[in-house]
Amino acid sequence: MKRDLNFWLIVISILLIPLCIISWLTDLRWLLLLPGIFFYCVQLLICRKTRNRFFLFLPSALVLLAVVTGAALLFTASGWDTLGGLILLLVCISPAIAIPCAMLTAYLLKRRAD
């Protein structure tokens, strides 16, 4: 069971990368949801496979870096660059929610297995 779940997490993560790119080019509404699903799968896989705290918080650090960059663009840039900062902040909403949810899911799965 454990190996099967890890396999499907990897497959879903790999399939979501082109879907995110396609959604960026066609319909921006999907771009608000798909990065969250991607980060959920990646974070759950990391929580299940590693015990190193550096790797556990790596996706959170990436999202935090994107949020800081988007906020900097939003407040310091002028013209169309502020729109880029706003879009970057909007894209970071779903991963910021999905990462703690994945950590909670991994904790509950581990607790249930024990």
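Located above this text is the structure these notes cover.
In what follows, the accompanying structure is described. Just so we're clear, the structure is a prediction, and the values are computed from it rather than from any experiment.

What counts as what
- Residues numbered from 1 in each chain as written.
- Predicted model: local features only at pLDDT ≥ 70, side-chain atom pairs only at ≥ 80, totals over all residues.
- Heavy atoms only, no water.
- Core = buried A, V, L, I, M, F, W, Y, C linked by side-chain atoms within 4.5 Å.
- Buried < 20%, exposed > 50% of the residue type's maximum accessible area, 1.4 Å probe, protein only.
- Helix = DSSP H or I, 4+ residues; strand = E, 2+ residues; numbered from the N terminus.
- Contact = heavy atoms within 4.5 Å.
- Axes fitted to C-alpha atoms, helices over the stretch in contact; angles between N-to-C directions.
- Parallel < 35°, antiparallel > 145°, perpendicular 65-115°, else oblique.
- Nonpolar A, V, L, I, M, F, W, Y, C, P; charged D, E, K, R; others polar.
- Patch = residues over 30% accessible without salt bridge, like charges linked within 9 Å, V, L, I, M, F, W, Y side chains within 5 Å.
- Areas by Shrake-Rupley, 256 points an atom, 1.4 Å probe, with all protein chains shown as cover.
- Salt bridge = Lys/Arg side-chain N within 4 Å of Asp/Glu carboxyl O.

## Considerations on the nonpolar core
Phase 1 of the analysis: One finds L9, C41, L44, L45, C47, L56, A102 and A106 forming the largest nonpolar core, which totals 8 residues.
Phase 2 of the analysis: Here this core takes 4 residues from helix α3 (residues 34–49), the largest share from any one element.
Phase 3 of the analysis: Setting aside chain neighbours within four positions, we find C41 in contact with L9, I12 and S13.
Phase 4 of the analysis: Listed in part, the 5 residues of the second largest apolar core include V63, A66, C92 and I99.

## Observations concerning the packing of helix α6 (residues 81–91) against helix α7 (residues 93–113)
Phase 1 of the analysis: Axis separation between α6 and α7 bottoms out at 4 Å; the angle between their running directions is 25°. As summarised for this structure, α6 and α7 are arranged roughly parallel, according to the angle between their axes. Side by side, α6 and α7 meet where L89, L90 and V91 of the first sit next to I93, S94 and P95 of the second.
Phase 2 of the analysis: Of the residues that constitute the contact of α6 with α7, the class distribution is 5 nonpolar, 1 polar and no charged.

## As for a nonpolar patch on the surface
Phase 1 of the analysis: Taken together, the side chains of L32, W80, L83, L86, L90, I93 and I97 define a hydrophobic patch exposed on the protein surface, amounting to about 710 Å² of accessible area.
Phase 2 of the analysis: Elements with a minimum of two residues in the nonpolar patch: α6 and α7.
Phase 3 of the analysis: Counting residues per element, the nonpolar patch draws most heavily on α6, at 3 residues.
Phase 4 of the analysis: Position of L90 relative to the elements: it lies in helix α6.
Phase 5 of the analysis: The partly exposed category is assigned to L90, whose relative accessible area is 37%.

From the geometry alone we can't say anything about function, so treat these as descriptive.
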